[in-house]
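In case you want the letters, here they are:
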Amino acid sequence: MSTLLKDTFSPSFFQALCQELKAVIPNFSSNRFTEEIYTRDWESKELKQRMLHTTTVLHRYMPASFPAAAKLLDQLIARLQPGALPGGGLPWMFLPDYVEQYGIEHFGESVALFEKITQLVSCEFAVRPFLIRHTDAMIQQMIRWSKHPNHHVRRLASEGSRPRLPWAIALPAFKKDPRPALPILENLKRDPSDYVRRSVANHLNDIAKDNPQILIEFVRAWKGEDPQTDALLKHASRTLLKQGDPAILELYGLNARHLEVSAIKHKRKVKMGETLDFSFRLANTHKKPVTVRIEYAMYFLRQKDKFG
């Protein structure tokens, strides 16, 4: 049995999908749909290519008008239960892709679908073009989503608006100025779901890479509220802590004012495959005990005598 992610788009999945599509699309032909899915190059298609292909084929069976298509998609979604069909939620990723591809000019219908679809499969990638095209309206929608009773919808508000979401298109405006999305994070900082709080921490860590002062202000304002929020902030601060940012270190009770490093010993040259042994002496010159965080970095000599 295959364990490749792309094979979640399996014959059993498409068989089940066709049964659902027949219930909502007039005169739908399962045989013709399946034939159009399994093109000669199907086996060579990777996960995202299979998703895009499924979206394209489905579009041929849907009304050309997106508002009309949205009504059929809404009926389809209402028939689905998370995890009820083969492949779990993953192969349903073509649903948010459909909205992204064909609904960008129909904001109201699209966000209504996102709110429902994300409870089946995350819409974090698909909402990003809407943040670029409909920035103000989308941010206001995400602020409303951050108060939604369903934790998947609340997470979408945070995850979808991350400035540097991995494997997704970047949001240049939010990398430059993330403040429009801060009310979302304010609403979710004490969310009861760890799934949501992790997204908030990752969002803040994204912000720290371009606007460290904003994260520092958040830590200063929120730190000490409760243990869960403190854990969120510590995870959000990981990049600045690794960089040894003095302001964030100070907020965590870490500073080097009374520390002295001496007796550093290490090899001058180490070849690939060899072991690097090093040692040093760390002394606290203050009368009181201090908390110490020790980080070390290793650089490799690359081409043209440059280190990276």
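An account of the accompanying structure is given in this report. Note that the coordinates shown come from a computational prediction; the quantities given were computed from them, not determined experimentally.

Our focus in this paragraph is the layout of surface pockets. What the largest pocket holds in volume is close to 1200 Å³. Taken together, 36 residues form the lining of the largest pocket, with Leu 276, Phe 278, Tyr 296, Ala 297 and Met 298 sitting closest to its centre. In terms of residues, the lining of the largest pocket owes the most to one element, strand β1 (residues 259–266), which gives four residues. When grouped by side-chain class, the residues that make up the lining of the largest pocket number 22 nonpolar, six polar and eight charged. For the second largest pocket, the calculated volume is near 560 Å³.

What follows is about the packing of helix α4 (residues 66–79) against helix α6 (residues 107–117). One way to put it is that α4 packs onto α6 with a least axis distance of 10 Å and a crossing angle of 15°. The angle between α4 and α6 falls in the class roughly parallel. When the axes of α4 and α6 are compared, the crossing they make is left-handed. Residues Phe 66, Pro 67, Ala 70, Leu 73, Asp 74 and Ile 77 of α4 lie in contact with α6, whose contacting residues are Glu 109, Ser 110, Leu 113, Lys 116 and Ile 117. In the contact of α4 with α6, the residues fall into seven nonpolar, one polar and three charged.

Glycine aside, the phi torsion of most residues is negative, and most peptide linkages are trans. At Asn 27, a position not held by glycine, the phi torsion is positive, near 60°. When you line up the elements, Asn 27 lands in the loop between α1 (11–24) and α2 (30–37). The backbone phi angle of Trp 167 is positive, close to 65°, even though this residue is not glycine. Turning to its location among the elements, Trp 167 is positioned in the loop between α9 (151–159) and α10 (172–176). Since its relative accessible area comes to 83%, Trp 167 is described here as exposed.

Here is what the cut-offs are and how they apply
- Residues numbered from 1 in each chain as written.
- Predicted model: local features only at pLDDT ≥ 70, side-chain atom pairs only at ≥ 80, totals over all residues.
- Heavy atoms only, no water.
- 1 Å grid on protein atoms, 1.4 Å probe; cavity = no way out; pocket = protein on both sides within 12 Å on 5 of 7 lines; lining within 4 Å.
- Points joined across faces, edges and corners; volume = space filled by probe spheres on them.
- Helix = DSSP H or I, 4+ residues; strand = E, 2+ residues; numbered from the N terminus.
- Nonpolar A, V, L, I, M, F, W, Y, C, P; charged D, E, K, R; others polar.
- Axes fitted to C-alpha atoms, helices over the stretch in contact; angles between N-to-C directions.
- Parallel < 35°, antiparallel > 145°, perpendicular 65-115°, else oblique.
- Left-handed = near helix turned anticlockwise from the far one by under 90°.
- Contact = heavy atoms within 4.5 Å.
- Buried < 20%, exposed > 50% of the residue type's maximum accessible area, 1.4 Å probe, protein only.

Function cannot be read off these values alone, since they describe shape.
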